[in-house]
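The residues making up each chain are set out below.
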Amino acid sequence: MSFFGGVSIGELPLGALPSGLSLAVGDPLPAFLANPQAEKIFLLELAPHDSTVPGTVNVYLSNTEFQTLPSDTLSNQLFQARLERPYDVQTSILNSGRPGGYGMPTFGDVTALDTDGELRKLLGYQWGGRAATERLGGRGFSYAQFAKIFGGSISGIAADGDTIALGLSAAPPRLQRPLQTAFYKGYGACIRLNGSTQYASATLTCTAGSMTMSVVARPAVASQTGVLNNWRNGSAAGLRLIYQNLTHFTFAVRNDAATLYEAIDTATIVVGQLYHIEGVLDLTAMKAYLRVDGKTVAEIAITGTFNTVLGTFAIGKAADASFYFSGDFDEPRHWNFARTEAQTKADKDRQLIGTETGLVDYWKCDEYTGTSAANSVGGGTALTLTGTPTWVSSLEGSSELVGTSKPIQYGYVFRIEPVLVDSTKLIYQVSDGPINSVASVEDRGVVLTSDGDTTDLWTATITAGRYKTDISRGLIRLQSLPAGKVLVTVEGDKTGGTYVSNTAAIAKRILTGRAGLAVADIDDDAFTALSTAQGAVVGLSVDDLSSPETLVGRLLDGIGGYWTYLRDGRITVGRVLDPSTVTPTGTVADSGILQGTLQRLLSPPVVHQVTTEYARYWETSSADELAGAVTAAQRADLALRVRSASSPAASLTTYLDAEPLTVAGLFKLAADAQTEGDRQAALHGAPRVLFQFTFASGLFLYQIGDVITLQSDLFPELEAGKDMLVVSESSTAADHTLTVWG
C-alpha cells in the first residue's frame, strides 16, 4: 500500500469505492460535529521536498483508511490508515488574564504508526516550512464536504520506535522573518542614458572561452529594445549581449556560425526598479544563463564553438547598431569564467575592489562628473561616455550604508530620521517606495518650507532654504547643507496608488504586501470590519529587522485588538468588545458540557486607569540638538517620545487590587487616543470572570473571537445565561475545551 500520491500503488480502480462509502447530500458537517457517535475521519495532506527527484512529494495519511470519490477534485486518492494522534492544538489570546494580542496556535505532534517501516523514507525529505493541510469529516462525505481544520506547514519530523512524529506550524515562516528584505547596496553614483543618443563604450577584447558579464540597471520605460552590456565585432558571429527585450530582460549569445541563443526572463520589468542583471556563458555545461537579482531566471542549451574574438564593447546601444537604452546603469563587470549563482549572490549587493580573481573589467561609475568612467581593474580600459549622459545617484547610498535595511513608513509617522543616500545632492530616503505626502521637514527643530514635488530630484532647481520631494520614490532633497539633524513627518506607504492609515488596513498591507501573503490567506471580511469599526489614523515606522508578526502585533495592541489563525489557516483579526454588546453565535448549557469540567478560573484584576499613547515621535531632540529659534514649549514637546490620554476606570477605594493599564497606541490624534482609552476603561474597569469547560460531545463548534451564551445551574452568575467571549481553545481528536471571558 502506498501513501504517495501519483504512484498508484494499492489504489482502487477508477469508479470503485471502499465498502460502506456513499455519496452525501447537502452539508452534513454541522450535525456530524455535534454527534458524539459519528466516526471522525482526519485527512492529513503533506507536501515535503525530495531532493533526489528533485521535487515535491505528496503524502496522504488518515486515522482510518479512506478513498476519495472519482468526482472529487482530488479524485481516487487513498489516504492510508496511519495516524495515531491526528490532531492536538492550543490557541489563546489571554494575556495576564485579559484578552488581546497574538493568538499563536501551539501544536502537539501529529503521530503516525510505522510498524512496517514504510514511513522511514519520510525522514530523508525536507520538511521545514513545507505545506500541510488537515481536514475532518466522516463516512459518506465527499472530499469537498470535509472541513479544513488546519492549514499551515510542517516545522519538523522525528521518529521513535515504530512512530513518526510531525510538528505543525500555523504561521508561514516568512511571517517570522524580517519584513524588510531590501538593503542599501552602496553603489554611489550611476549614469543616466536618454534612449536615443547617449551611450558608453570602450575598445577592449572579449576572447574565447566561458565568461560572465553583469550590470546594474534601472529602466526608464516599460517597453524598449534597449541594449545594455554587449560585445560585437564586424560580423554577427560571437555576440554577447544583455538587453531589455521589450518588457523582459534577455541574455543573447551567438556561436562562431552566428547561431543565436537567447535566455529570456518571463517576469515583466518594473519601470524605476533597480535590477542586477548577469549573463553567463558556460562552455563546460554548454549553457547560457540569465540571472536577475542573483537568481537564475532563464537558461538555454547551446552548441557549436565560441572562439570569435570580440573587440568592441558598449553599454546603452548596440556596439555596431542602434537600439539605445533609456534608464540608468551602474557597476558593469566582466569576468573570464562562468560564475555560479552562489558567487553572484555574494557579490551583487556590494562594490568590489578590482583585484578579485577572474575579474577582467570593472567600472564603479562613481565619478559623478566627466566624460569617462575609470576601470577599477589595474590597466583596464576606461568607459568613454558619448552624447553627454547625465551623472545621477543610484539612490543606494555610499559604501558606509551597505547592508543597512531601507526604512518603511506606514500611516502618519511623526519625526523619523531619513537616510542620506546621496551626499552630493543632499537626497534623503524617507521610505522604501511611494508615499502619500511629506507633512514636514525639520532642521534642528526648525520647520523648512516645501518647494513642491518632482520625479527627478537630481536635476531639480530648489529655492534657497527649502526642500523638494519625490513622493513616487519616498525621497526628499534639501537645497542646502543642514545645520543639524534632519527629521521628517510623513504620510507613508502608498504602494499600488493607495494610501492606508488605520490599524487593520496597515496590517493587511503588511501581510499581503511585503510579507508575501495572498488575500486568500487572510480573513478579508474581518480586516474590513475592523477597519470600519476602528478607522483612526495611526503610524508605524519600520527601520530595523522586525518581523511581520511583531509589527502586526504592535498595531493590534494599540487598539485593544487581537489576531490569530482560523482553523483553515487564514489570519483573522478583531477588537475585544464587551460580550454583552455582541450577538452570540450559540448557547452552551449544562447538557452540552462534559460533567465535572466546568470551572471558574481566577478573575483578572480590575483596571483603575487607562493611559493611551498617541503622537509618538520616532526621534526626539535634546536641547543641544535644537536651534535657538525653537521656543521653550517646543523644546519640551520635542524631547517627549509619546504623549498620552488618561481615562479613569474603577475606584481604588472599591477595588484595592486594581491595576493601571497602559495602551501603546500609535494614534495620530489625541481625540482618537482618548476615545480608545475610554472604551478600554469601560471594558476593563468592571469586574470580569473566566470560565473553562470541555464539551460533552462535538468538535470545533466554536473558535477564538466567537461570543457564546454560557448557561449553567452550577454558578449563580450563569443561571440566566451570560454572554462570553471565547479567548482560548484546546482541541484534540477526542475533545474540545474552551476558556471564555465576560
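The model shown is predicted, which means the values in this text are computed figures rather than measured ones.

Visitor: Give a detailed account of the side chain of Glu356, specifying residues and quantitative values.
Guide: Structurally, Glu356 is set in the loop between helix H2 (341-347) and strand E29 (359-362). Buried charge Glu356 goes without a salt bridge, the closest partner of opposite sign being Arg350 at 4.8 Å. Of the polar contacts made by the side chain of Glu356, one reaches the backbone nitrogen of Ile353; its length is 2.9 Å.

Visitor: Break down the pattern of salt bridges for me, with residues and values.
Guide: Oppositely charged side chains can pair when the atoms bearing their charge come close. Under the defined criterion, the tally for this structure stands at 37 salt bridges. Of the charged contacts in the structure, one is a salt bridge between Glu299 and Lys287, with a shortest N-O distance of 2.7 Å. Of this pair, Glu299 sits in strand E26 (residues 295-301) while Lys287 sits in strand E25 (residues 287-292), and the two are twelve residues apart along the sequence. Here Lys287 falls in the partly exposed class, since its relative accessible area comes to 27%. The partner of Arg473 in a salt bridge is Asp470, and the shortest N-O contact between them spans 3.2 Å. Its relative accessible area of 0% is what places Asp470 among the buried residues. A network of salt bridges, in which partner residues are shared, links Arg82, Asp114, Asp116, Glu118 and Arg120.

Visitor: Tell me about the nonpolar core, residues and numbers included.
Guide: Ranked by internal contacts, the top residues of the largest apolar core, which has 100 residues, are Leu46, Val488, Ile510, Leu540, Leu555, Leu556 and Ile571. Residues Ala263, Tyr275, Ala288 and Phe313 belong to the second largest nonpolar core, which totals 40 residues.

Visitor: Would you mind going over the environment of Asp451 in detail, with residue names and values included?
Guide: Summarising the element assignment, Asp451 is placed in strand E38 (residues 449-453). Under the relative-accessibility criterion, Asp451 is labelled buried at 18%. Contact partners of Asp451, with chain neighbours within four places excluded, come to Thr461, Ile462, Thr463, Arg466, Tyr467 and Lys468. Here the side chain of Asp451 touches Thr463 through a polar contact of 2.9 Å, landing on its backbone nitrogen.

Visitor: Mind laying out the sheet that holds strand E18 (residues 199-206), listing which residues take part and the relevant values?
Guide: On the basis of which strands lie adjacent, the open sheet formed by eight strands has the order E23-E22-E21-E20-E27-E18-E31-E30 and antiparallel pairing. Of all strands in the sheet, those with a lone pairing partner are strand E23 (260-264) and strand E30 (372-373), marking the two edges. As defined by bridge partners, strand E21 (residues 240-246) adjoins strand E22 (residues 248-254) across six bridges and the pair is classed as antiparallel. Looking across to E22, one finds that Asn245 is bridged to His248.

Visitor: Tell me what's going on with helix H4 (residues 524-533), and back it up with residues and numbers.
Guide: Of the residues making up H4, those classed as buried are Ala526, Phe527 and Leu530. On an axial view of H4, the arc spanned by its buried residues comes to 100°, and they lie on one face. Among the exposed residues of H4, those oriented more than 90 degrees off its buried face are Asp525 and Thr532. On its buried face, H4 sits against helix H3 (503-512), helix H5 (548-557) and strand E44 (571-575).

Visitor: Before we move on, can you summarise the sheet that holds strand E40 (residues 475-478) with the specific residues and values?
Guide: The five strands are arranged E34-E35-E40-E39-E38 in an open sheet whose pairing can be described as mixed. Either end of the sheet is taken by a strand with one partner, and the two such strands are strand E34 (419-422) and E38. Averaged over neighbouring strand pairs, the angle between their axes works out to 35° when direction is ignored. Where strand E39 (residues 466-470) and E40 come together, four bridges link them in antiparallel fashion.

Visitor: I'd like to hear about the confidence of the model for the protein chain, residue by residue, with values.
Guide: With 96% of its residues at a pLDDT of at least 70, the protein chain reaches an overall mean of 91. Across residues 1-25, confidence stays below pLDDT 50; counting only partners more than four residues off in sequence or on other chains, it has 57 contacts.

Visitor: Before we move on, can you summarise the packing of H3 against H4 with the specific residues and values?
Guide: Two elements in contact, H3 and H4, have axes separated by 8 Å at closest approach and are oriented at 145°. Residue-level inspection shows Ala504, Ala505, Ala507, Lys508 and Leu511 of H3 in contact with H4, the latter providing Asp524, Phe527, Leu530 and Ser531. When grouped by side-chain class, the residues that make up the contact of H3 with H4 number six nonpolar, one polar and two charged.

Visitor: With reference to specific residues and values, describe the state of the cysteines.
Guide: Applying the stated criterion to the full structure yields zero disulfides. The thiol of Cys206 is unpaired, and the distance to the nearest cysteine sulfur, on Cys365, comes to 19 Å. With a relative accessible area of 1%, Cys206 lands in the buried category.

Visitor: Could you give an account of the environment of Glu367, with specific residues and numbers?
Guide: Tracing the sequence through the fold places Glu367 in the loop between E29 and E30. When its relative accessible area of 31% is taken as the criterion, Glu367 is described as partly exposed. Placed 24 residues apart in sequence, Glu367 and Trp391 show a C-alpha to C-alpha distance of 8.2 Å. If near-sequence neighbours (up to four positions away) are discounted, Glu367 is found in contact with Ser372, Ala373, Ala374 and Trp391. Within the structure, Glu367 has its side chain in polar contact with the backbone nitrogen of Ala374 (distance 2.8 Å).

Visitor: Explain the packing of aromatic side chains residue by residue, including any values.
Guide: Tallying each qualifying case throughout the model produces 19 aromatic pairs. Note on Trp231 and Phe313: the rings are 4.4 Å apart at their centroids and 50° apart in plane angle, and the pair reads as tilted. Taken together, the residues Trp231 in strand E20 (residues 224-232) and Phe313 in strand E27 (residues 310-315) connect sequence positions 82 residues apart. The same class applies to Trp231 and to Phe313, which are both buried. Seen from their ring centres, Phe249 and Tyr275 are 5.0 Å apart, and the 70° between their planes marks the pair as edge-to-face.

Visitor: Which residues make up H3, and what values go with them?
Guide: With eight of ten residues buried, H3 lies mostly within the body of the structure. Among the residues of H3, Thr503, Ala504, Ala505, Ile506, Ala507, Arg509, Ile510 and Leu511 are the ones counted as buried. Buried residues along H3 sit in contact with strand E33 (408-416), strand E41 (486-493), H4, strand E42 (539-542), H5 and E44. Near the N-terminus of H3, the side chain that reaches the backbone nitrogen of Ala504, with its oxygen 3.2 Å away, is that of Asn502.

Visitor: Go over unusual backbone geometry, please, and point to the residues and values.
Guide: Most peptide bonds adopt trans geometry, and most residues besides glycine take a negative phi value. Note the cis peptide between Val53 and Pro54, where omega equals -15°. Inspection of the secondary structure puts Pro54 in the loop between strand E2 (49-50) and strand E3 (55-56). Phi is positive for Cys365, close to 60°, though the residue is something other than glycine. Checked against the element boundaries, Cys365 lands in the loop between E29 and E30.

Visitor: Now, about the pairing of E33: what can you tell me, with residues and values included?
Guide: The element E33 is largely enclosed, with a buried count of nine among its nine residues. As defined by bridge partners, E33 adjoins E42 across four bridges and the pair is classed as antiparallel. By the bridge assignment for E42, Tyr410 is matched with Leu540. As defined by bridge partners, E33 adjoins E41 across three bridges and the pair is classed as antiparallel. Considered in E41, the bridge of Ile416 is made with Val488.

Analysis parameters
Residues numbered from 1 in each chain as written. Predicted model: local features only at pLDDT ≥ 70, side-chain atom pairs only at ≥ 80, totals over all residues. Heavy atoms only, no water. Helix = DSSP H or I, 4+ residues; strand = E, 2+ residues; numbered from the N terminus. Buried < 20%, exposed > 50% of the residue type's maximum accessible area, 1.4 Å probe, protein only. Lys, Arg positive; Asp, Glu negative; His and termini not counted. Salt bridge = Lys/Arg side-chain N within 4 Å of Asp/Glu carboxyl O. Polar contact = N/O pair within 3.5 Å; in protein donor to acceptor, adjacent residues only side chain to side chain. Core = buried A, V, L, I, M, F, W, Y, C linked by side-chain atoms within 4.5 Å. Contact = heavy atoms within 4.5 Å. Pairing = 2+ DSSP bridges. Arc of directions from axis to C-beta. Axes fitted to C-alpha atoms, helices over the stretch in contact; angles between N-to-C directions. pLDDT = per-residue confidence, 0-100. Nonpolar A, V, L, I, M, F, W, Y, C, P; charged D, E, K, R; others polar. Disulfide = S-S within 2.5 Å. Phe/Tyr/Trp six-rings, centres within 6.5 Å; stacked < 30°, edge-to-face > 60°.

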